[in-house]
Amino acid sequence: MFFSSSGPPLKRLFLGLILMAGSLVPQHRAAAETVIVLDPGHGGHESGAVWGGVREKHLNLNIARRVESILRSRGYTTVMTRRKDVFISLDYRARVANQFRRSVLVSIHCNSDGRQRGRGIETYYAGSSGKRLARQIHRRLDSRTSTPNRGLKPCRFSVLRRTDCPAALVECGFLSSKSERRLLCSPAYQQRVALAIAEGIAIGIR
Ligand SMILES: [Zn+2]
């Protein structure tokens, strides 16, 4: 018990709410002030990779929503570049992140390989601040999944280049691989991937 249970009911409720709020606020000031922009890749007429009837755009949104829900439940501030199956430009995605004084952008994608040999996770970054964020996300993904680690990679993807804040792009697995596609479609695996991404972000923005 952190407070006396003998006070008037309203006072007890008020104290309880303060304690609850306190326990959810991110412990580091930088993290508390950072707006986490989650960017589910593709959308609308742009499906991304399509294999076995599964469209990448839907998986990206599912995983991003889970990341959002985990981060919000832990007191972080999040913004989604899209919440529905709509097309948005790369420029728009970057502009969403650029409007905040302090933000990070994390794009969420699934991979594809025409020869269907590719397996595993990879995380991209642009610039040194993006690298720090991407490294934390990638480490968590590697420890929470048993899929091959394809590494942390620099890139010149347009969405990362147009973003002024630290930015990372996560490829959560290969839709072109039958076994990884099955995993990526499972709610339990989506949650595991989302948890890894959320934990990586929480550490990466400290
Ligand atoms: Zn994609």
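Above this text you will find the structure in question.
In this report, we go over the structure that sits alongside the text. (Residues numbered from 1 in each chain as written. Predicted model: local features only at pLDDT ≥ 70, side-chain atom pairs only at ≥ 80, totals over all residues. Heavy atoms only, no water.)

**Examining the sheet that holds strand 5 (residues 103–111)**
Part 1 of the reasoning: Taken in spatial order, the 6 strands of this open sheet run 4-1-5-8-6-7, and their pairing is mixed. Only two strands of the sheet have a single neighbouring strand rather than two, namely strand 4 (77–80) and strand 7 (149–154). If you compare each strand with its neighbour and ignore which way they point, the axes differ by 20 degrees on average.
Part 2 of the reasoning: Summarising the sheet, strand 6 (residues 121–125) and strand 7 pair through 4 bridges and their orientation is parallel. (Pairing = 2+ DSSP bridges. Helix = DSSP H or I, 4+ residues; strand = E, 2+ residues; numbered from the N terminus. Axes fitted to C-alpha atoms, helices over the stretch in contact; angles between N-to-C directions.)

**Quick look at the environment of Gly-75**
Part 1 of the reasoning: Inspection of the secondary structure assignment puts Gly-75 in the loop between helix 3 (56–73) and strand 4.
Part 2 of the reasoning: Separated by 49 residues in the primary sequence, Gly-75 and Pro-26 place their C-alpha atoms 6.1 Å from one another.

**Re the layout of surface pockets**
The gaps of empty space that remain are located by a probe, the size of a water molecule, rolled over the atoms.
Part 1 of the reasoning: Looking at the largest pocket, its volume works out to about 170 Å³.
Part 2 of the reasoning: If you go around the largest pocket, you meet 14 residues; those closest to its centre are His-42, Leu-90, His-109, Val-159 and Leu-169.
Part 3 of the reasoning: Looking at the lining of the largest pocket, its residues break down into 6 nonpolar, 5 polar and 3 charged. (1 Å grid on protein atoms, 1.4 Å probe; cavity = no way out; pocket = protein on both sides within 12 Å on 5 of 7 lines; lining within 4 Å. Points joined across faces, edges and corners; volume = space filled by probe spheres on them. Nonpolar A, V, L, I, M, F, W, Y, C, P; charged D, E, K, R; others polar.)

**Topic: the coordination of the zinc ion**
Part 1 of the reasoning: Distances from the zinc ion to its protein donors, His-42 (NE2), Glu-56 (OE) and His-109 (ND1), fall within 2.1 to 2.2 Å.
Part 2 of the reasoning: All donors of the zinc ion come from a single chain, and their spacing in sequence reads H-x13-E-x52-H. Of this pair, Glu-56 sits in helix 3 while His-109 sits in strand 5, and the two are 53 residues apart along the sequence. Of the two residues examined, Glu-56 and His-109, each falls in the buried class. (Donors = N, O, S within 2.8 Å, 3.2 Å for Na, K, Ca; no water. Buried < 20%, exposed > 50% of the residue type's maximum accessible area, 1.4 Å probe, protein only.)

**Some details on the packing of aromatic side chains**
Part 1 of the reasoning: What the rule picks out here adds up to 1 aromatic pair.
Part 2 of the reasoning: Where Tyr-124 meets Phe-157, the ring centres are 5.0 Å apart and the plane angle is 65 degrees; that geometry is what we call edge-to-face. Residue Tyr-124 is found in strand 6, and its partner Phe-157 is found in the loop between strand 7 and helix 6 (158–161); the two are separated by 33 residues along the sequence. (Phe/Tyr/Trp six-rings, centres within 6.5 Å; stacked < 30°, edge-to-face > 60°.)

Purely geometric numbers; function is a separate question.
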